[in-house]
Amino acid sequence: MKMFKRSPIYIFLIIAAGVSIFPFLWIISSATNKSIDVSNGRLMPGSHLLDNFRHLTEQVELGQAMWNSAKISVTTTILALLIASLAGYGFEIYRSKAKDIVFNILLLSMMIPFAAIMVPLFQMFAKFSGVLPVIGVDTAASVILPTFTTAFLIFYFRQSSKMFPKDMLEAGRIDGLSELGLFFRIFVPTMRTSYAAGAIITFMSSWNNYLWPLVVLQSPEKRTIPLLISNLGSSYSPDYGIIMTAVLISTLPTALVFFLMQKHFVAGMVGSIK
Amino acid sequence: MRNASVARSRLQPRWTGWLFISIAVLLICAFYFYPMIQALLLSFKTGTGAQIHYTGFDNYERLFSDKVFKTALKNTFLFLIIQVPVMIVLALFISVLLNDSKLKFKGFFRTAIFLPCVTSLVAYSVVFKYLFGNDGLINKLFLNLHLIHDPIQWITDPFWAKITIIIAITWRWTGYNMIFYLSALQNIDNSIYEAARIDGASPIRQFFKITVPLLKPIILFTSITSTIGTLQLFDEVVNITKGGPGNATMSISQYIYNLSFKYTPDFGYAATVSYSIVVLIILLSFIQFKAAGDSK
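Parameters and conventions
Residues numbered from 1 in each chain as written. Chains lettered and ligands numbered in written order. Predicted model: local features only at pLDDT ≥ 70, side-chain atom pairs only at ≥ 80, totals over all residues. Heavy atoms only, no water. Domains from an automatic or database assignment. Contact = heavy atoms within 4.5 Å. Buried area = accessible area lost by both parts, 1.4 Å probe. Salt bridge = Lys/Arg side-chain N within 4 Å of Asp/Glu carboxyl O. Polar contact = N/O pair within 3.5 Å; in protein donor to acceptor, adjacent residues only side chain to side chain. Patch = residues over 30% accessible without salt bridge, like charges linked within 9 Å, V, L, I, M, F, W, Y side chains within 5 Å. Areas by Shrake-Rupley, 256 points an atom, 1.4 Å probe, with all protein chains shown as cover. Helix = DSSP H or I, 4+ residues; strand = E, 2+ residues; numbered from the N terminus. Buried < 20%, exposed > 50% of the residue type's maximum accessible area, 1.4 Å probe, protein only. UniProt positions renumbered as here; feature names shortened; annotations may be inferred. Expected span 1.5 Å × (residues − 1). Arc of directions from axis to C-beta.

Side note on the domain arrangement of chain B
Residue and element names in this part refer to chain B.
- When its domains are assigned, chain B resolves into domain 1 (2-42) and domain 2 (58-291).
- Its C-alpha centre places domain 1 at a distance of 36 Å from the equivalent point of domain 2.
- Contact residues are listed per partner, giving 4 residues for domain 1 and 7 residues for domain 2.
- For the pair domain 1 and domain 2, the two sides together bury roughly 460 Å², of which 70% comes from carbon and sulfur.
- Per-residue buried area on domain 1 facing domain 2 is highest for M36, L40 and L42; these three make up 83% of the total on that side.
- Remark: the boundary between domain 1 and domain 2 carries 0 salt bridges.
- At the boundary of domain 1 and domain 2, one finds 1 residue pair in polar contact (both at pLDDT 80 or more).

Now the structure itself:
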């Protein structure tokens, strides 16, 4: 009887879950079938994954794009965690009125839409090209530099620092640790879970970033995965099998990160607003 | 050496704190605030490369008579007014259902509905473009179920293209917002609901009188982030409809991109258009804060 009363709820949730999962099933079935079968509406998984993969790697530099994306995302994540956690810790542990004002000003940067600063940023990096080519337009550094520091992550680490037991710092000071030593020897190891969650969020948004790499990366061999997929997707005679194989491969790293660290992921999202 | 540094940090604790935050502050200033000022200056200039020069308010005059800008603005607002409320209500509704302690397969439902968030915006946009193509799977499905007689022009009709974009964004972000509501719901003391039930309040009344007021800060947070996200809409429109047909789904961000890098580059005017989003974000966030505050 009870179960019966809930059946509309179950039906609704099954539909919602089905709609959410369906595109994933379609990606898998398309990546494993011939393009012609996909366009005929075949939904069963097929046996053409390896063929599709071979054609894909013949057509585009998939490995190169994966490597470019990995390089950019991993560097961004490491730098972002280091700089944002130093700052979040600094704002909370060495709290002062003046710093709180600075903090609130930094938060305003979250309201700045990227499209609004894209043009001046592009001009800035075009200028760097003349002076210091390693960080100029069309380099990995030009993708990483303007995107890795976010007020969001600083805010996130400040919130995390609020839960950090400050007595541990006093104990460390008595043991003769320097202020920077306190941070690296005590704060970082204690806050591992906060770092894990921050890492996931940063890695995912960097791996998926599209607009800025599109603006600043010009030569094909510098392309990241989203640029490669966007390019494949805009062809006039699309080969579904090949494109969906690329989509599948590009989604694997983030899906894997999500499934392995689901708890951290959710904690990171929610922790940032508590 | 170490003793010296401890002594120094105790003598100058003011400076140590500033050192911790200095790199982040410098980088945010260099890559957010400085470009904002540059964009403001640019918005009064015209021309390209070395030919660039000040023109006063010409760009702003052009903005108010620019038909493409008006279309992009209208499209963005349409996405905002329809998509954000639909998604927030849907996410709220699902999370209330999932918060039921007697519900089975809760973990499965939650994971499934959150799953779209692992896709990149570009990847899912390409998937949606093909699913909603004229001879795509969605049309095939609807035709087979006899819901429609002719294929719907999901991508090539100005009206349906907007619907497709709205469906796509809702698919990608509903689960994301749901997670915020779910965790907030878990913090609500169950005894409040029990008391309401004893007083004979219906589930619908409980929802509006208890759940919504208690979740107000989170609803405000998600609606502001969704608003900012929608005003920056780019990846989806570029990869699903290319802003078309005509300019029927062109967003402001896409227009700025086109002005700067696709048409003959006009950085000055692009900066003028970009300031309109800044003004909109400030205005809308302010209105949302006000609305949340006043209905207390």
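Considerations on a nonpolar patch on the surface
All names here are of chain B.
- Nonpolar side chains collect at one region of the surface, where L78, I81, I82 and V86 lie side by side and expose about 330 Å² of accessible area between them.
- Among the structural elements, I81 can be located in helix α4 (residues 67-98).
- According to the relative accessible area criterion, I81 is exposed, its value standing at 56%.

Structural notes on the UniProt feature "domain: ABC transmembrane type-1" (unreviewed entry) in chain B
- Mapped onto this structure's residue numbering, the UniProt feature "domain: ABC transmembrane type-1" (unreviewed entry) falls at residues 73-288 of chain B.
- The distance separating the terminal C-alpha atoms of residues 73-288 of chain B is 19 Å; by composition the span is 74% helix and 0% strand.

So, helix α6 (residues 97-108) of chain A
All names here are of chain A.
- Look at α6: 17 Å from first C-alpha to last across 12 residues, which is about the 16 Å you get at 1.5 Å a residue.
- Of the residues making up α6, those classed as buried are K99, D100, V102, F103 and L106. Viewed end-on, α6 has its buried residues packed into an arc of 160°, placing them on one side of the element. Exposed and facing more than 90 degrees away from the buried side of α6 are K97, I101 and L108.

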